[in-house]
Amino acid sequence: MKTVVLKIDAINPDLRKILLAANFIKEGKLVAFPTETVYGLGVDALNAQAVTAIFKAKNRPFDNPPIVHVSRISDVHRLVDEIPFNARVLIKRFWPGPLTLIFRRSRIVPDVTVAGLDTIAVRMPRQNVALALIKKSNCPIAAPSANLSGKPSPTAASHVLEDLNGKIDMILDAGPTTIGVESTVLDLTVDPPQILRPGGTTLEALKAALGKVELSSAVTAEKPVTLEKARSPGILHKHYSPNAEVVLIEGESSRVIKKIMELNRNYRDEGRRVGILCTSEIQKQVDADLVKAFGSKNDLESIAHSLFRLLREFDSEGTNVILVQGLSTKGLGLAIMNRLRKASGYKIVKV
Ligand code: TXA
Ligand code: MG
């Protein structure tokens, strides 16, 4: 299969290109497109065959359902059983934006789209290409992140090509995404609502809107969870991992620097190529084969924006081990640290 790459303006997308992509969606084809968080791999959410094809292209386990993207509230009514009051509050405040809500699903949704669950994940993205594509396709679009299962999510079209070239029909390339980590997944079928995956909408903002919001035990877990049947199946699978081994070092920065340098020596003695990913504050105080800063510890937005790109860069530069400095879990830090903990396979050193 040839993957067509169409460059498109992120803010004022060319309608002809949108219509071309929308026709692909209507024909059951696979179209990667930008959202404000990461690139998604989209198909008609109501076309079971097309949804099955995204699982295959990504090599994604069938028990991990994708998010269904909408451009209008009226689409939500078709997909869900009922819109509870707290959902209305959140929709008003956070949509379009990086917040995915879990509802009880309606009967029109094919089983494969929700992996056989009786719930559905829905979000309205805040990205003009995404919104125009959903509108012109005239259907809700099921879209997991457009990466091979287990790899860091794609924040640029080149990442999508790296993972899926020849396996999907089209990529709409609107340049790098703005937020860089995925949406927050919030389960509204339980009381109080639970964050199943922290993301671009912070816990603090959700609490301000709803009062009580909990973190699922999977989010706070320091070790892989072994729940018999997790409510968010995705949390059980390996995630966000570059090919290199990732080790996360958490603690006060002078101790982190010392530990990073000690680990660097140990790994180098084993003949491995070591990379360091750290804040700009300590960048000059550490040393390895490859050192990259993901931003200032006071600018979590920049760190989120560059995180997945940098993990992929270490791989393409042949790093075997990446030593990563841990961050605060306040605000966006919760999403960033969640991705890093998973990327490390919970190899976490506390100092
Ligand atoms: O920002 C994002 O959310 C991106 C862009 C493309 O919108 N999408 C994304 O999709 O990250 P994906 O498929 O990579 O992650 C979807 C997450 C998974 O953790 C999955 O388990 C969870 O949403 N999920 C989907 N349906 C669910 C459901 N019914 N109940 C609980 N969790 C669900
Ligand atoms: Mg994903």
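Given the structure is predicted, the values throughout are model-derived calculations rather than measurements. Residue numbers restart at each chain and count upward from 1, following the sequence in its written direction. Chain letters and ligand numbers both follow the written order, the letters beginning at A and the numbers at 1. Local features in this predicted model are restricted to residues whose pLDDT is 70 or higher, and side-chain atom pairs enter the listing and the counts only when it is 80 or higher, whereas totals over whole chains, interfaces and linings include all residues. With hydrogens and water excluded, all non-hydrogen atoms of the structure serve as input to the side-chain values.

Novice: Mind showing me how you'd approach the pattern of salt bridges here?
Specialist: Once their charged atoms are close, side chains differing in charge can pair, the charge on each being opposite to the other. Counted as salt bridges are all cases of a side-chain nitrogen of Lys or Arg within 4 Å of a carboxyl oxygen of Asp or Glu. Applying the stated criterion to the full structure yields 20 salt bridges. Note that Glu-162 and Arg-312 form a salt bridge whose closest N and O atoms lie 2.8 Å from each other. Taken together, the positions of Glu-162 in helix α6 (residues 157-164) and Arg-312 in helix α10 (residues 300-316) put the pair 150 residues apart, joining distant regions of the chain. The cut-offs for exposure are 20% and 50% of the maximum accessible area for each residue type, with area from a 1.4 Å probe on protein chains only; residues under the lower value are buried, those over the upper are exposed, and the others partly exposed. Among the residues examined, Glu-162 registers a relative accessible area of 53% and is labelled exposed. Judged by its relative accessible area of 7%, Arg-312 is buried. Residue Lys-350 pairs with Glu-250 through a salt bridge whose shortest N-O separation is 3.7 Å. One end of the pair, Lys-350, is in strand β16 (residues 348-350); the other, Glu-250, is in strand β12 (residues 245-250), and 100 residues separate them in sequence. Taking relative accessible area as the criterion, Lys-350 reaches 52% and is therefore assigned exposed. Of the residues examined, Glu-250 reaches a relative accessible area of 12% and is grouped as buried. One continuous salt-bridge network, built from bridges that share partners, spans Glu-245, Glu-270, Arg-272 and Lys-347. Numbering of helices and strands starts at the N terminus; helices are DSSP runs of H or I of at least 4 residues and strands are runs of E of at least 2.

Novice: I tried to follow the site of ligand 1 on my own but got confused; where do I start?
Specialist: Inspection of the region around ligand 1 gives 28 residues, with Thr-37, Arg-60, Asn-64, His-69 and Ser-183 positioned closest. Between ligand 1 and Thr-37, the relevant distance is 2.6 Å, taken from an oxygen atom to a side-chain nitrogen or oxygen of the residue. Within 3.5 Å is the distance limit for a polar contact, defined as a pair of N or O atoms, with the added protein rule that one can donate a hydrogen and the other accept it, and that residues adjacent in sequence qualify only through two side-chain atoms. In the model, an oxygen atom of ligand 1 is placed 2.7 Å from a nitrogen or oxygen of the Asn-64 side chain. Those elements that provide at least two residues to the shell around ligand 1 are β4 (67-69), β6 (119-123) and β10 (194-197). Looking at the shell around ligand 1 element by element, the count peaks at 4 residues for β6. Lys, Arg, Asp and Glu make up the charged group, whereas Ala, Val, Leu, Ile, Met, Phe, Trp, Tyr, Cys and Pro make up the nonpolar group; the residues left over, Gly among them, are polar. Tallied by class, residues from the shell around ligand 1 come to 13 nonpolar, 10 polar and 5 charged. Nearness of a residue to a molecule or strand requires only that one of the residue's heavy atoms be within 4 Å of it.

Novice: What should I look at first to understand the confidence of the model for the protein chain in this one?
Specialist: Predicted coordinates in areas of low pLDDT are best not read in detail. Confidence of the predictor in every single residue is expressed as pLDDT, which spans 0 to 100. Averaged over the protein chain, the pLDDT score is 94; the fraction of residues at 70 or greater is 95%. Contacts of residues 226-230 to residues separated by more than four positions or lying in other chains number 5 contacts, the stretch itself having pLDDT below 50. Between two residues, a contact is recorded if the distance between any of their heavy atoms is within 4.5 Å.

Novice: Help me understand the domain arrangement of the protein chain in this model?
Specialist: It is common to give the size of an interface as the accessible area that goes away when the parts come together. Each domain's extent was defined by an automatic or database domain assignment. Segmentation of the protein chain into domains returns domain 1 (4-215) and domain 2 (245-350). Placing the centre of domain 1 and that of domain 2 at their C-alpha centroids yields a distance of 29 Å. The interface is formed by 25 residues belonging to domain 1 together with 14 residues belonging to domain 2. Note on terms: buried area is the combined drop in 1.4 Å-probe accessible area of two parts once they are placed together, counting the loss on both. For the pair domain 1 and domain 2, the summed buried surface comes to about 1500 Å²; carbon and sulfur atoms form 59% of the total. Interface area lost by domain 1 to domain 2 is led by Pro-152, Val-181 and Pro-198, which between them contribute 34%. A salt bridge links Asp-163 to Arg-312; its shortest N-O distance comes to 3.0 Å. At the surface where domain 1 touches domain 2, the tally comes to 9 residue pairs in polar contact (both at pLDDT 80 or more). For the side of domain 1 that touches domain 2, the secondary structure elements donating two or more residues are α6 and α7 (203-210). Considering each element in turn, the side of domain 1 that touches domain 2 owes the most residues, 3 residues, to α6. In the side of domain 1 that touches domain 2, the residues fall into 8 nonpolar, 11 polar and 6 charged.

Novice: Honestly, α10 in this entry has me stumped. Any pointers?
Specialist: Residue pairs three or four apart in sequence face the same way in an α-helix, which turns once every 3.6 residues. Each residue after the first adds 1.5 Å to the expected span of a helix. In this model, α10 (17 residues) spans 24 Å end to end at C-alpha, consistent with the 24 Å of a helix rising 1.5 Å per residue. Bend, at a single residue, is the angle you get between axes fitted to the 7 residues ending at that residue and the 7 residues starting at it. A maximum bend of about 45° is found in α10 at Leu-307. Looking at α10, one finds that the buried residues are Leu-300, Ile-303, Ala-304, Ser-306, Leu-307, Phe-308, Leu-310, Leu-311, Arg-312 and Phe-314. A positive backbone phi angle near 75° is found at Gly-318, which sits one or two residues after α10.

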